[in-house]
Amino acid sequence: MKKKNPLLGIHSLLLMIFIYVPIVLIIVFSFNNTRLSGDWKGFTFQWYTSLLKDRHVMEALMNSLTVAVISTIASTLLGTLAALSLRRLGKRWKEGMNGLMYLPVIIPDIIMGLSLLVLFNQMHIPLGKATVIIAHITFSISYVYVVVTARLAGTGKQLEEAAADLGATGWKTFRYVTLPQIVPGIISGALIAFTMSLDDFMVSFFVAGPSSTTLPIYIYGQVKRGISPEINALCTLLILVSVVLILLAQFFLNRGKGQKKHKMLPL
């Protein structure tokens, strides 16, 4: 048995420090009892209190949540349907369509935002909350598609073929065989889409109107004036939401793995 190289452990430790120390600093200084970020003056919740009383923050939060919820529902539905539909295509067509579906994940955000802005201008669609929702659906579909496709690839078609041999209709096969197997993938894709929408800045910056400012755009505007404790508090809340979403995703994935693969199929 080979001994582990200690350099790999040191490298991993340094990498974790590099990633998480800035996040920890933001959280710590969100409770600092002074506006000076580099000087600790005691523990306080006043920045969270003032944050909740800020009308502009609440408006940006509601815009972000509205966009994230609507775009997540739409992209989850469309991405799942795309994964199920393309599964039945021939290998040649499937490879080409897979490339197209992966494209929004690969294309830089600035190109995606600029191209959507040009499209909306050409179609004379005024920029606002609707254009932000459309833009978020556009790039979120690909993330849902990737996750659900990976889940489908791991399930195989044996159970579906067995259900068809037993006389089950297409709908019953989907309802009682296919859907239970891909539900963890659908939930994971939805959580990823929600997180991507909630955190998106670049695409939203191009397609948002004056009355559709999201939280990332608001934070960007405030940071240009200097980092304040309220911004640290706002970032801390976003981190908390992200952690909760990750824990929920892990819970549903573990629950999906624990389910029985074979169920009684009503005919």
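Draft legend 1. Expanded view of the environment of E230. Mapping E230 onto the fold places it in helix α11 (residues 229–258). E230 sits in the buried class, given a relative accessible area of 17%. Once the C-alpha coordinates of E230 and F31 are considered, the two residues, 199 residues apart in sequence, prove to be 9.6 Å apart. For E230, the contacting residues outside a window of four places in its chain are R35, W47, S50 and L51.

Draft legend 2. Representation of the packing of aromatic side chains within the structure. Inspection of the entire model under this criterion finds 10 aromatic pairs. Summarising the aromatic geometry, the rings of F43 and F45 are spaced 5.2 Å apart at their centres and angled 85° between planes, so their arrangement reads as edge-to-face. Residues F43 and F45 agree in their burial class; the two are exposed. Ring centres of F45 and Y48 lie 6.4 Å apart, and the angle between their planes is 55°; this geometry places the pair in the tilted category. Residue classification places Y48 among the buried positions, given a relative accessible area of 12%.

Draft legend 3. Representation of the packing of helix α4 (residues 91–106) against helix α6 (residues 129–155) within the structure. Between α4 and α6, the least distance of the axes is 8 Å, while the angle of their chain directions is 120°. Considering their axes alone, α4 and α6 lie oblique with respect to each other. In this structure, the crossing between α4 and α6 has a hand that is left-handed. Packed against α4, whose contacting residues are N98, M101, Y102, P104 and V105, the element α6 presents T138, F139, I141, S142, Y143, Y145 and V146 at the interface. Residue classes in the contact of α4 with α6 are distributed as nine nonpolar, three polar and no charged.

Draft legend 4. Spatial organisation of the nonpolar core. In this structure, M101, L116, Y145, V148, L152, V203 and V207 are the most contacted members of the largest nonpolar core, which totals 28 residues. Going through the elements one at a time, α3 (55–86), α5 (109–122), α6, α8 (170–199) and α9 (202–207) are the ones with two or more residues in this core. The residues contacting V203, other than those within four sequence positions of it, are D109, M112, G113, L116, A135 and F139.

Draft legend 5. Geometry of α4. Between its first and last C-alpha, α4 extends 22 Å over 16 residues, near the 22 Å set by a 1.5 Å rise per residue. Taken residue by residue, α4 has N98, M101 and P104 as its buried positions.

Draft legend 6. The arrangement of empty space enclosed by the protein in detail. Here the structure, examined in full by the defined rule, presents one cavity of 30 Å³ or more. In this structure, the largest cavity encloses a volume near 30 Å³. S64, V67, A68, H136, S197, L198, D200, S204, T214 and P216 together form the lining of the largest cavity. Tallying contributions element by element places α3 first for the lining of the largest cavity, with three residues. Here the residues of the lining of the largest cavity are counted per class, giving four nonpolar, five polar and one charged.

Draft legend 7. Up close: the packing of α3 against helix α10 (residues 215–223). Viewed as axis vectors pointing N to C, α3 and α10 meet at an angle of 145°, and their least axial separation amounts to 8 Å. Between α3 and α10, the residues in contact are H56, V57, A60, L61 and S64 and L215, P216 and Y218, respectively. Of the residues assigned to the contact of α3 with α10, the class counts are six nonpolar, two polar and no charged.

Draft legend 8. Quick look at unusual backbone geometry. Here H124, not a glycine, exhibits a phi torsion of approximately 55°, which is positive. Tracing the backbone shows H124 in the loop between α5 and α6. Since its relative accessible area comes to 70%, H124 is described here as exposed.

Analysis parameters
Residues numbered from 1 in each chain as written. Predicted model: local features only at pLDDT ≥ 70, side-chain atom pairs only at ≥ 80, totals over all residues. Heavy atoms only, no water. Helix = DSSP H or I, 4+ residues; strand = E, 2+ residues; numbered from the N terminus. Buried < 20%, exposed > 50% of the residue type's maximum accessible area, 1.4 Å probe, protein only. Contact = heavy atoms within 4.5 Å. Phe/Tyr/Trp six-rings, centres within 6.5 Å; stacked < 30°, edge-to-face > 60°. Axes fitted to C-alpha atoms, helices over the stretch in contact; angles between N-to-C directions. Parallel < 35°, antiparallel > 145°, perpendicular 65-115°, else oblique. Left-handed = near helix turned anticlockwise from the far one by under 90°. Nonpolar A, V, L, I, M, F, W, Y, C, P; charged D, E, K, R; others polar. Core = buried A, V, L, I, M, F, W, Y, C linked by side-chain atoms within 4.5 Å. Expected span 1.5 Å × (residues − 1). 1 Å grid on protein atoms, 1.4 Å probe; cavity = no way out; pocket = protein on both sides within 12 Å on 5 of 7 lines; lining within 4 Å. Points joined across faces, edges and corners; volume = space filled by probe spheres on them.

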